[in-house]
Protein chains: 2
Amino acid sequence: MASQTERLERLLGTQLGRCCQSDVDDRLATLNGYQESIPADLSSDLNALKVLSTETRHRIVRLLAAAERDLCVCEFKPLLDVSDSAISHALSDLREAGLVTRRKDGQWRYYGATPRAEAILDALDRTRGDGE
Amino acid sequence: MASQTERLERLLGTQLGRCCQSDVDDRLATLNGYQESIPADLSSDLNALKVLSTETRHRIVRLLAAAERDLCVCEFKPLLDVSDSAISHALSDLREAGLVTRRKDGQWRYYGATPRAEAILDALDRTRGDGE
DNA sequence: AATACATATGAGCGATTGTTCATATACTCA
DNA sequence: TGAGTATATGAACAATCGCTCATATGTATT
């Protein structure tokens with residue numbers, strides 16, 4: 001049975017030219033340190049990214065960011081090639097993910113991009129086309 | 001049959017207190033302006049977000065960012081609760097999405113986070129917990 | 001050359017997803 | 001109050017996804 005650290009041991013042999021148990025322990029401690037620097041609950045980050053990763057929802061947020069104002073649900077209609085229902089579902093998912101806000105005005109609903117949404121789009125824009 | 005702009009026309013009636021054809025045309029032109037400011041090809045952005053939106057791949061990138069150095073494939077093993085194959089698939093997806101780089105050293109492979117990956121994580125970190 | 005090893009790749013399976021259709025809710029105006 | 005409108009919600013279905021297992025590729029060592 002292959003242990004969890006069998007290969008790590010060999011890697012350290014390559015990197016250090018030697019490898020005793022304390023070398024393995026030290027490296028494992030270092031790796032655990034990286035692990036601990038990760039937010040305990042990733043679900044909100046993962047959800048924000050997932051929600052922004054499909055075309056309909058992504059486009060909605062880009063439109064809101066470009067508009068620099070809240071848009072009414074019906075303003076998305078001529079710009080997106082999906083049903084009203086799909087737009088509504090998309091906005092609902094975006095709101096739950098903290099990427100858009102909603103404001104009611106009579107029968108109309110206005111949505112706006114949150115700073116979180118804008119920060120993510122900005123990160124993409126600033127790094128688009130980077131080879132690496 | 002409901003036209004694409006039927007509701008928009010009524011919205012403008014509400015917003016402007018009137019609505020003739022030129023009002024509709026103006027608004028449509030404005031909306032099309034937003035549309036045009038969106039990158040023509042979203043697929044690379046969408047893919048980057050999708051790839052970062054599941055736990056295994058996201059965790060890999062967070063580990064690389066925390067490490068501030070390239071990590072060997074075998075170093076992920078004790079930190080992730082999935083098979084070697086899943087780690088390899090994940091790294092391959094991340095590389096294709098431009099989120100990690102790969103460096104070969106003998107039989108070992110070292111991966112590192114790209115500026116694009118770091119920018120996205122940073123956007124998430126800076127805005128985590130924003131109510132809106 | 002043969003064996004061992006590190007990583008990669010492809011098929012396949014259960015689980016999740018984005019959409020549409022049907023329907024519900026809530027507001028407006030006669 | 002009743003008809004019309006704007007948006008939201010739930011079910012359902014095809015499509016996609018993430019994982020594991022089996023196997024392939026390329027490197028090191030003997």
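This one's a predicted model, so the numbers in the text were calculated from it and none came from an experiment.

A.B. asks: It is not clear to me how the domain arrangement of chain A should be interpreted in this structure. Could you clarify?
C.D. replies: Accessible area lost when the parts come together is the quantity often used to give the size of an interface. Domain parsing of chain A yields domain 1 (5-37) and domain 2 (43-128). Here the C-alpha centre of domain 2 of chain A lies 44 Å away from the C-alpha centre of domain 1 of chain A.

A.B. asks: What is the right way to look at the protein's contact with DNA strand C in this model?
C.D. replies: Around DNA strand C, 25 residues are found, and the nearest of them are T56, R57, S83 and S85 of chain A together with Y111 of chain B. Here the atoms of DNA strand C within 4 Å of the protein split so that 74% fall in sugar or phosphate, with bases taking the remainder. Take R7 of chain A: an N or O atom from its side chain is 2.7 Å from a phosphate oxygen of DNA strand C. Between a phosphate oxygen of DNA strand C and a side-chain N or O atom of R102 of chain B, the distance comes to 3.0 Å. Residue assignment for the surface near DNA strand C shows that the elements contributing at least two residues are α1 (6-16), α4 (55-67) and α6 (84-96) of chain A together with α5 (73-76), α6 (84-96) and β3 (108-113) of chain B. Tallied by class, the residues present in the surface near DNA strand C amount to 7 nonpolar, 12 polar and 6 charged.

A.B. asks: Looking at this structure, I do not really get the protein's contact with DNA strand D. What am I missing?
C.D. replies: Inspection of the region around DNA strand D gives 25 residues, with Y111 of chain A together with K50, T56, R57 and S85 of chain B positioned closest. Take the atoms of DNA strand D that sit within 4 Å of the protein: sugar and phosphate atoms are 72% of them. Contact distances for DNA strand D include 2.7 Å between a base oxygen and a side-chain N or O atom of S85 of chain A. The separation between a phosphate oxygen of DNA strand D and a polar side-chain atom of R10 of chain B is 2.8 Å. Of all the secondary structure elements, the ones that give two or more residues to the surface near DNA strand D are α5 (73-76), α6 and β3 (108-113) of chain A together with α1 (6-16), α4 (55-67) and α6 of chain B.

A.B. asks: Teacher, can you tell me more about α1 of chain A here?
C.D. replies: One full turn of an α-helix is made of 3.6 residues, so residues set three or four places apart face in the same direction. Those residues of α1 of chain A that fall on the buried side of the exposure criterion are L8, L11 and L12 of chain A. Angular distribution of buried residues about the axis of α1 of chain A spans 100 degrees; they occupy a single face of the element. The inward-facing, buried residues of α1 of chain A contact α2 (21-36) of chain A together with β1 (71-72), α5 and β3 of chain B. Where α1 of chain A ends, the next residue or the one after it, G17 of chain A, has phi of about 80 degrees, a positive value.

A.B. asks: Help me understand the sheet that holds β3 of chain B, please; the structure alone is not making it clear to me.
C.D. replies: By definition, the strands of a sheet pair up through backbone hydrogen bonds, in either a parallel or an antiparallel sense. Residues and elements named next belong to chain B. Pairing within the open sheet is antiparallel, and its 3 strands lie in the order β1-β3-β2. Bordering the open sheet on either side are β1 and β2 (100-105), each of which pairs with just one other strand. Summarising the sheet, β2 and β3 pair through 6 bridges and their orientation is antiparallel. Its bridge partner being in β3, R102 is matched across the sheet by Y111. Contacting β2 and β3, α6 runs over the sheet at an angle of about 120 degrees to β2.

A.B. asks: What should I look at first to understand the nonpolar core in this one?
C.D. replies: Generally speaking, soluble globular proteins have nonpolar side chains that are buried together. Judged by nonpolar contacts, the single largest core of 81 residues is most densely connected at F76 and L99 of chain A together with F76 and L99 of chain B. Discounting residues that sit within four places of it in the chain, L99 of chain B has contacts with A48, V51, L52, L94, G112, A113, T114, R116, A117 and I120 of chain B.

A.B. asks: Hey, could you run me through the sheet that holds β3 of chain A in this one?
C.D. replies: Read across the open sheet, the 3 strands follow the order β1-β3-β2 (chain A); overall the sheet is antiparallel. Where the open sheet ends on each side, the last strands, each with one partner, are β1 (71-72) and β2 (100-105) of chain A. Where α1 of chain B meets the sheet, it contacts β1 and β3 of chain A, and its direction lies at approximately 90 degrees from that of β3 of chain A.

A.B. asks: How should the relation of the copies chain A and chain B be read in this particular structure?
C.D. replies: In this arrangement, two copies of a chain are superimposed by a rotation about an axis accompanied by a shift along the axis. The two copies are related by a screw motion: chain A maps onto chain B through a turn of 180 degrees and a shift of 0.0 Å along the axis, at an RMSD of 0.0 Å. Viewed as a symmetry operation, the transformation between the two copies matches a two-fold axis. An overlap of 100% is found between the interface residues of chain A and their copies at the interface of chain B, pointing to a shared contact surface.

Definitions and limits used
- Residues numbered from 1 in each chain as written.
- Chains lettered and ligands numbered in written order.
- Predicted model: local features only at pLDDT ≥ 70, side-chain atom pairs only at ≥ 80, totals over all residues.
- Heavy atoms only, no water.
- Domains from an automatic or database assignment.
- Near = heavy atom within 4 Å.
- Polar contact = N/O pair within 3.5 Å; in protein donor to acceptor, adjacent residues only side chain to side chain.
- Helix = DSSP H or I, 4+ residues; strand = E, 2+ residues; numbered from the N terminus.
- Nonpolar A, V, L, I, M, F, W, Y, C, P; charged D, E, K, R; others polar.
- Buried < 20%, exposed > 50% of the residue type's maximum accessible area, 1.4 Å probe, protein only.
- Arc of directions from axis to C-beta.
- Contact = heavy atoms within 4.5 Å.
- Pairing = 2+ DSSP bridges.
- Axes fitted to C-alpha atoms, helices over the stretch in contact; angles between N-to-C directions.
- Core = buried A, V, L, I, M, F, W, Y, C linked by side-chain atoms within 4.5 Å.
- Least-squares fit on C-alpha atoms with pLDDT ≥ 70 in both.

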